[in-house]
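Now for the letters of each chain:
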Amino acid sequence: MDSLWSSVEKAQVERMTVCSAVGSPATVQKQLAAIIESTKADELILTSQLHDHEARLKSFELISRLQVETPERTQPGIPILQ
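Please read all numbers here as calculations on a predicted model, not as lab measurements. (Residues numbered from 1 in each chain as written. Predicted model: local features only at pLDDT ≥ 70, side-chain atom pairs only at ≥ 80, totals over all residues. Heavy atoms only, no water.)

A. The arrangement of the overall build of the protein in detail. Helices and strands together make up the secondary structure of the protein, namely three helices and zero strands. Going through the 82 residues of the protein one by one, you find that 13% of them count as buried. In the protein, 39% of the contacts between residues at least 6 apart in sequence involve partners at least 24 apart. Total accessible area on the protein stands at roughly 6600 Å², and carbon and sulfur atoms take up 55% of it. (Helix = DSSP H or I, 4+ residues; strand = E, 2+ residues; numbered from the N terminus. Buried < 20%, exposed > 50% of the residue type's maximum accessible area, 1.4 Å probe, protein only. Contact = heavy atoms within 4.5 Å. Areas by Shrake-Rupley, 256 points an atom, 1.4 Å probe, with all protein chains shown as cover.)

Take a look at the structure:
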């Protein structure tokens, strides 16, 4: 990518993807736990960049099944969507 974008564009993309969770459900679960732990968030607002409506729905359905555990939570397995 370095030959395709400027250093300013690269910095912008890196800044915008700091709190991204991408991958399999297990990978996303770990990434969301890390985001929650590092930000101390008690709530997440999730978005999706998928154009296809059915794919976007499937993505949110998969996310809704995840349970994220962090060291600060006293109850293990609190669903991220309630």
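From this point, the narrative continues.
B. Unusual backbone geometry, seen in detail. In this structure, Lys-40 is a non-glycine residue whose phi angle is positive, near 60 degrees. Assignment of secondary structure puts Lys-40 in the loop between helix H2 (25-39) and helix H3 (53-64).

C. Summary view of the environment of Ala-26. Looking at the element boundaries, Ala-26 is found in helix H2. When the C-alpha positions of Ala-26 and Leu-66 are compared, they lie 8.4 Å apart, and in sequence the two are 40 residues distant.

D. Summary view of the pattern of salt bridges. Evaluation of the coordinates by the stated rule reveals two salt bridges. With its nearest N and O atoms 3.3 Å apart, the salt bridge here joins Lys-40 to Glu-37. Exposure remark for Lys-40: the relative accessible area of 48% places this residue in the partly exposed category. (Salt bridge = Lys/Arg side-chain N within 4 Å of Asp/Glu carboxyl O.)

E. Structural detail: H2. Between its terminal C-alpha atoms H2 stretches 21 Å, which fits the 21 Å expected from 15 residues at 1.5 Å a residue. Lys-40, located one to two residues past H2, shows a positive phi value of around 60 degrees. (Expected span 1.5 Å × (residues − 1).)

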